[in-house]
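# Analysis of the macromolecular model
This is what each chain is made of:
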Amino acid sequence: MFRAKNLVCAFRAFSVQAAKIDAAKAKKLQEVAMHKEKCILVDNNGRSLGPISKYDCHRVEGGHVKAHRGFSVYLFNTQGQMLLQKRSKYKFTYPDLYTNTICSHPLYNIEEERDELNEIGVRLAAQRRLNYELGIPVHQIDPESFHYMTRIHYEHLGDGTWGEHEIAYMFVLQGDFHLNPNPSEISEIRFITKEELDKEIQFAPLTPWFNLLLKKHFIRTWWDNLENLDKVKDHEIQRF
């Protein structure tokens, strides 16, 4: 009971909710994306092995999930607050969990998102998803404004049916943007201060990648160096 009580208190300030959406429509959007979108299958060094459906690369089979390319964006406003979201209950993977600003995948279906030079393909994917999930107009986001910090390689079996296995690019973005959350993707959003971080998430249900980066102190390190992110970037793949 103590844990549940603190969980409610910890996120009582998550009051900026996405608009309501018809449940059947939301579920259909998620189902279509799982089969229509093609992620990028990768080897242990992050090199492309070709297309794989979003469904097939998140399905747990034989105690494993197929490795694919992903990314996460950590968005800070000009006041230095970080934008967190709560994933929609309609998501196949990790529904109703709190996480960083956005986490998604470049798509093999979109030719320019396969481009690996200077991470341009993943940057374009991040631009697309910020628009789709948070309603940020594409013209407000320059792909070059994403600060590439590192890549992480992790596998998590989720609920035993749906999981993640990514070599994921980590980006930091700072600015003030118009937000209009997509309710099929996001149920709540909130900007949080660095001082609030530890006390407000200690009892919250978090996505495994967000929790991992918190425990390994990556997020706090980036936060502490927003004025000089080049100093703390690392081109090596961090394996967990």
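Our subject is the structure that appears above.
These lines cover the structure that appears in this document, whether it is placed above or below. Computed from a prediction, not measured in an experiment: that's the story for all the values here.

Analysis parameters
- Residues numbered from 1 in each chain as written.
- Predicted model: local features only at pLDDT ≥ 70, side-chain atom pairs only at ≥ 80, totals over all residues.
- Heavy atoms only, no water.
- 1 Å grid on protein atoms, 1.4 Å probe; cavity = no way out; pocket = protein on both sides within 12 Å on 5 of 7 lines; lining within 4 Å.
- Points joined across faces, edges and corners; volume = space filled by probe spheres on them.
- Helix = DSSP H or I, 4+ residues; strand = E, 2+ residues; numbered from the N terminus.
- Buried < 20%, exposed > 50% of the residue type's maximum accessible area, 1.4 Å probe, protein only.
- Contact = heavy atoms within 4.5 Å.
- Polar contact = N/O pair within 3.5 Å; in protein donor to acceptor, adjacent residues only side chain to side chain.
- Core = buried A, V, L, I, M, F, W, Y, C linked by side-chain atoms within 4.5 Å.
- Disulfide = S-S within 2.5 Å.
- Pairing = 2+ DSSP bridges.
- Phe/Tyr/Trp six-rings, centres within 6.5 Å; stacked < 30°, edge-to-face > 60°.
- Lys NZ or Arg CZ within 6 Å of the ring centre and 35° of its normal.

This structure, assessed with the given rule, holds three cavities of 30 Å³ or more. The computed volume of the largest cavity comes to approximately 160 Å³. What lines the largest cavity is a set of 19 residues, and nearest its centre among them are Arg 87, Thr 93, Cys 103, His 105 and Glu 164. Secondary-structure elements contributing two or more residues to the lining of the largest cavity are helix 2 (23-36), strand 4 (68-76), strand 7 (102-104), helix 3 (120-134) and strand 9 (164-174).

Inspection of the secondary structure puts Pro 95 in the loop between strand 5 (82-87) and strand 6 (98-99). The partly exposed category is assigned to Pro 95, whose relative accessible area is 32%. When the C-alpha atoms of Pro 95 and Thr 207 are compared, they prove to be 9.0 Å apart, with 112 residues separating the residues in sequence. When sequence neighbours within four positions are dropped, the list of residues in contact with Pro 95 reads Arg 87, Ser 88 and Lys 89.

In this structure, Asn 131 sits in helix 3. In this structure, the C-alpha to C-alpha distance between Asn 131 and Leu 179, residues 48 residues apart in sequence, is 8.9 Å. Once you skip the residues sitting within four places of it in the chain, Asn 131 turns out to touch Ile 136, Pro 137 and Val 138. From its side chain, Asn 131 meets the backbone oxygen of Ile 136 in a polar contact 3.0 Å long.

So, about the nonpolar core. Tyr 74, Met 82, Phe 210, Ile 219 and Trp 222 are the most contacted members of the largest nonpolar core, which has 30 residues in total. The set of elements that each furnish at least two residues to this core consists of strand 4, strand 5, strand 8 (147-156), strand 9, helix 4 (194-201), helix 5 (208-215) and helix 6 (218-224). Top contributing element to this core by residue count: helix 5, with five residues. Look past the residues within four positions of Met 82 in its chain and what remains in contact with it is Tyr 74, Leu 75, Phe 76, Arg 190, Phe 191, Ile 192, Leu 197, Phe 210, Ile 219 and Trp 223. Residues Ile 141, Phe 146, Phe 171 and Phe 177 belong to the second largest nonpolar core, which totals 20 residues.

Helix 5 sits mainly inside the fold: six of its eight residues count as buried. The set of residues buried in helix 5 consists of Pro 208, Trp 209, Phe 210, Leu 212, Leu 213 and Leu 214. Backbone geometry just after helix 5 places His 217 at a positive phi near 70°.

Our next topic: the state of the cysteines. Summed over all chains, the structure comprises zero disulfides. Cys 39 carries a free sulfur, and the closest cysteine sulfur to it, the one in Cys 57, is 3.7 Å from it. In this structure Cys 103 is a free cysteine whose sulfur lies 13 Å from that of Cys 39, the closest cysteine sulfur available.

Turning to the pairing of strand 9, a few remarks are in order. Burial of strand 9 is extensive: 10 of the 11 residues sit out of reach of the surface. Pairing between strand 4 and strand 9: nine bridges, direction parallel. For Arg 69, the partnering residue across the bridge sits in strand 9 and is Ile 167.

This brings us to the packing of aromatic side chains. Applying the stated rule across the entire model yields 13 aromatic pairs. Pairing Tyr 55 with Trp 162 gives two aromatic rings, centres 5.0 Å apart and planes at 80°, and the pair type is edge-to-face. Here Tyr 55 is found in the loop between strand 3 (48-53) and strand 4, whereas its partner Trp 162 is found in the loop between strand 8 and strand 9, with 107 residues between them in sequence. Owing to a relative accessible area of 23%, Tyr 55 belongs among the partly exposed residues under this scheme. Given the relative accessible area of 10%, Trp 162 is considered buried. On the numbers, 6.1 Å between centres and 55° between planes, the contact of Phe 218 with Trp 222 is tilted. Residue Phe 218 and its partner Trp 222 are both found in helix 6; the two are separated by four residues, about one turn of the helix. Like Trp 222, Phe 218 is buried. The structure contains a cluster of three or more aromatic residues connected by ring pairs, namely Tyr 74, Phe 210, Phe 218, Trp 222 and Phe 240. A cation over an aromatic ring shows up here: Arg 59 above the ring of Trp 162, its NZ or CZ 5.0 Å from the ring centre.

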